[in-house]
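Fold and contact review
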Amino acid sequence: MNALDKLKKRGISLRNLNIVMLGLAILISAILIWAMNRTDSLYRRTHEFTQNLLQWRQDSYDLQVGSDYLTEQVRYFAVTGDRTFLDNYFEEALVTQRREKALDKLKQNHDNSEAVAELISAMNESVQLMNLEYYSMVLTIEGYGYDINEFPEELQSVELTDKDEALSDPEKKSLAIKYLFNDEYLTFKRRISNDMNDCLDRLENEVAASQSIVADQLSKQVDLEHFLTFVLIGIMLGIVLATSVLVFRPLRNCVDLIRKDYEIPLKGAYEVRFLAKNYNLMYYTTKENENKLNFDANHDKMTGLYNRRGYDFFLHNVDMETSTLMIIDLDKFKEVNDTYGHDVGDKVITKAAKIIQNSFRTQDYVCRIGGDEFAVIMIRSDSSMKDLITRKVNLINEKIGTAEEEEGIPSISCSVGVAFGSVGLSVSDLFKRADSALYNTKKSGRKGVSFYSKKNEA
């Protein structure tokens, strides 16, 4: 027998399959992590380019704003003669110095000599513009009759031409305004603006070229990540498919066959086949044990339901941790016997037993555990079936509550207590919980159902 035949007979080992798949997944994941780190590095470079460009724009903007602010203040001073504007002018020029600081930042953070040259040119134009502004300020100071000695030294050193000195105060005011709005002044302003725009154009072109290179690298890196991701997804899908074919599908078939009380075939992974072999062994053993049980010894003669012995057998052989225990008690049954006699009482018991049995699944165990007391073991059930159980109990009460005059059977009702199994809960504790729930039903007026809850414990 060759290796392939042995593999078919024995089944694929999930352990070995998982080791192979895990190894591939780890390898691809490691490569993917490396690719993601490289992508992150390229992204940071792109982000850095963008941040630098934004900073350069801000610095250029500050230089422009600083120059415009000086122009604005000197014009306000020339028009109004208010010294506050002149103070603002020199605060900006000598203390705040947005132009100078912006130029220093650009020089430090960029090595494009042509772009920096444009900025220096803009700064020089702005400085030259200040000479015109100083001259206009002196004209304004004399036009408003201020003492020049009260103003900064930069203005005290400015000398007016003889022609301008000879002008009257109103003429000096008018000439000061004219200097700040004539073609020469506006030409300076245009040069500053043009130099700034040329600088930004150079910087943006340089950044665009660098971003294009990085973007191309980033695109290739993303393509690699996509490929590795698809490979990793393929491995995951392979694991899911293999698990489905070798584990889930065989297990699902096993569940269906177990519910139908059949043996299960040896299919799927090695571990599933091992479980199937052991189940089949237990299945045949259980069948033999069931055949040994005498029907009469485990069934109630009057109702055909399982009796107390059968009930005890199921409690200790059924998986009660995944089952539900219901205790059903016929309300005021003693009064029926006292009023109508035991024959009628037996008919009431038989009728109730039939209705209760027909209200549950064939795989559930319905037992008569006392004179007027029944028990139902609902296998593979939990608290999600509360509404279903409530509807069943209401329907049972509706049916047994209908009197049958021809048969002489009076109406009656039942009280029900329900407890759900859980991991680690013993059979005795499960019964106590169901009995406690039954007590709560009777205490609440009978004819209904109660579910065990810790808060309802006495």
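Let us look at the structure shown here. (Residues numbered from 1 in each chain as written. Predicted model: local features only at pLDDT ≥ 70, side-chain atom pairs only at ≥ 80, totals over all residues. Heavy atoms only, no water.)

1. Things to note about the overall build of the protein
The condition that has to hold: Strands here are runs of E lasting at least two residues and helices are runs of H or I lasting at least four, both read from the DSSP assignment and numbered beginning at the N terminus. The buried label goes to any residue with under 20% of its type's maximum accessible area, the exposed label to any with over 50%, and the partly exposed label to all in between, with areas taken from a 1.4 Å probe on protein chains only. In this description, contact between two residues means that some pair of their heavy atoms is separated by no more than 4.5 Å. Residue-level accessible areas treat just the shown protein chains as cover; the underlying method is Shrake-Rupley with a 1.4 Å probe.
Counting its secondary structure elements, the protein contains 16 helices and 5 strands. Burial analysis of the protein (458 residues in total) assigns 39% to the buried set. Relative to all contacts within the protein whose residues are 6 or more apart in sequence, the contacts with residues 24 or more apart total 69%. Looking at the protein as shown, the accessible area adds up to about 26600 Å², and 53% of this sits on carbon and sulfur atoms.

2. Observations concerning the side chain of Ser359
Mapped onto the secondary structure, Ser359 falls in the loop between α14 (342-358) and β2 (365-368). The class of Ser359 is buried, set by a relative accessible area of 12%. With near-sequence residues (within four places) excluded, Ser359 lies in contact with Lys392 and Ile396.

3. Examining the sheet that holds strand β3 (residues 373-378)
The line we're drawing: Here, any two strands with at least 2 DSSP bridges between them count as paired. Structural elements are reduced to axes, namely lines fitted to C-alpha atoms, with helices fitted over the stretch in contact, and the angle between N-to-C directions of any two is expressed from 0 to 180 degrees.
Across the sheet, 5 strands lie side by side as β2-β3-β1-β4-β5; this open sheet has mixed pairing. With one partner strand each, in any of the chains shown, β2 and β5 (448-451) form the two edges of the open sheet. The sheet shows a mean angle of 20° between the axes of neighbouring strands, direction not considered. Bridge count between strand β1 (residues 324-330) and β3: 6 bridges; the pairing is antiparallel. Bridge pairing links Met326 to Val376 in β3.

4. Some remarks on the packing of α14 against helix α15 (residues 386-400)
Heads up, the rule is: Should an angle fall under 35 degrees it is taken as roughly parallel, and over 145 as roughly antiparallel, whereas 65 to 115 is taken as roughly perpendicular and any remaining angle as oblique. For any pair of crossing helices, the crossing counts as left-handed if the nearer helix is rotated counterclockwise from the farther one by less than a right angle, and right-handed if it is rotated clockwise.
For the pair α14 and α15, interaxial distance at closest approach is 10 Å and the crossing angle is 150°. As the angle between them shows, α14 and α15 are arranged roughly antiparallel. Along this stretch, α14 crosses α15, giving a crossing that reads as right-handed. In contact with Lys351, Ala352, Ile355 and Ile356 of α14, α15 contributes Ile396, Lys399 and Ile400.

5. What about the pairing of β2?
Of the strand pairs in this sheet, β2 and β3 are connected by 4 bridges, and their pairing is antiparallel. Pairing of Cys367 across the sheet is with Ala375, part of β3. Connecting β2 to the next strand, β3, in antiparallel fashion are 4 residues.

6. Focus on the pattern of salt bridges
Opposite charge on two side chains permits them to pair, given that their charged atoms come into close proximity. Note the cut-off: Whenever Lys or Arg places a side-chain nitrogen within 4 Å of a carboxyl oxygen from Asp or Glu, that contact is recorded as a salt bridge.
Inspection of the entire model under this criterion finds 11 salt bridges. Note that Lys172 is salt-bridged to Glu142, the shortest N-O span being 2.7 Å. Of the two residues, Lys172 is situated in helix α8 (residues 169-181) and Glu142 in helix α5 (residues 113-143); the sequence distance between them amounts to 30 residues. With a relative accessible area of 23%, Glu142 lands in the partly exposed category. Between Arg368 and Asp300 there is a salt bridge; the shortest N-O distance is 3.2 Å. Of this pair, Arg368 sits in strand β2 while Asp300 sits in the loop between α11 (295-298) and α12 (308-317), and the two are 68 residues apart along the sequence. Across the pair, Asp300 and Arg368 agree in class, each one buried.

7. Focus on a nonpolar patch on the surface
What counts is decided by this rule: Within this analysis, patches are made of residues with over 30% relative accessible area and no salt bridge. Like charges are joined at 9 Å or less; nonpolar side chains (Val, Leu, Ile, Met, Phe, Trp, Tyr) at 5 Å or less.
Taken together, the side chains of Leu27, Ile31, Trp34, Leu224 and Phe227 make up a nonpolar region of the molecular surface, amounting to roughly 500 Å² of accessible area. Those elements that provide at least two residues to the nonpolar patch are α2 (14-80) and α9 (183-259). Counting residues per element, the nonpolar patch draws most heavily on α2, which supplies 3 residues. Here Leu224 shows up in helix α9.

8. With respect to the nonpolar core
Quick reminder of the rule: In this description, a nonpolar core means a group of buried Ala, Val, Leu, Ile, Met, Phe, Trp, Tyr and Cys residues linked to one another through side-chain atoms lying within 4.5 Å.
Membership of the largest hydrophobic core comes to 32 residues, with the highest contact counts inside it found for Leu86, Tyr89, Phe90, Tyr134, Met137 and Leu155. Secondary structure elements with two or more residues in this core: α2, α3 (83-96), α4 (98-109), α5, α8 and α9. Among the elements that make up this core, the one with the highest residue count is α5 (11 residues). Each residue touching Tyr89, except ones within four places of it in the same chain, is listed here: Leu70, Gln73, Val74, Met130, Glu133, Tyr134 and Met137.

9. Thoughts on the pairing of β5
How we decide: When the strands point away from the viewer and the path from the first strand over the helix to the second turns clockwise, the crossover is right-handed.
Where strand β4 (residues 414-420) meets β5, 4 bridges bridge the pair, whose relative direction is parallel. Note on β5: the bridge partner recorded for Val416 is Val449. With helix α16 (residues 427-443) bridging β4 and the parallel β5, this β-α-β connection has left-handed handedness.

10. Quick look at the packing of aromatic side chains
Put simply, the rule is: Ring pairs shown here join Phe, Tyr and Trp side chains whose ring centres sit within 6.5 Å, with only the six-membered ring taken for Trp; geometry is labelled stacked below 30 degrees between planes, edge-to-face above 60, and tilted in between.
The final tally for this structure, using the stated rule, is 12 aromatic pairs. Judged by centre distance (6.2 Å) and plane angle (20°), the rings of Tyr144 and Tyr146 are stacked. Assessed through its relative accessible area of 29%, Tyr144 is described here as partly exposed. Taking the centre distance of 3.9 Å and the plane angle of 20° together, the rings of Phe314 and Tyr365 count as stacked. Here the residue Phe314 occupies a position in helix α12, and Tyr365 occupies one in strand β2, the gap between them amounting to 51 residues. The buried category is assigned to Phe314, whose relative accessible area is 9%.

11. Observations regarding helix α13 (residues 333-340)
For clarity, the threshold we go by: Arc definition: it is the arc formed by the directions from the helix axis to the C-beta atoms.
The complete set of buried residues in α13 reads Phe333, Val336 and Asn337. For α13, the angular spread of buried residues about the axis comes to 95°, placing them on one side. Exposed and oriented more than 90 degrees from the buried face of α13 are Lys334, Asp338 and Thr339. Where the residues of α13 are buried, they touch β1 and α14. Looking one or two residues beyond α13, the residue adopting positive phi is Gly341, at roughly 100°.

12. A look at unusual backbone geometry
Phi is positive for Gln97, which is not a glycine, with a value near 50°. With respect to the secondary-structure elements, Gln97 resides in the loop between α3 and α4. The backbone of Lys447 shows a phi angle near 50°, a positive value even though the residue is not glycine. Among the structural elements, Lys447 can be located in the loop between α16 and β5.

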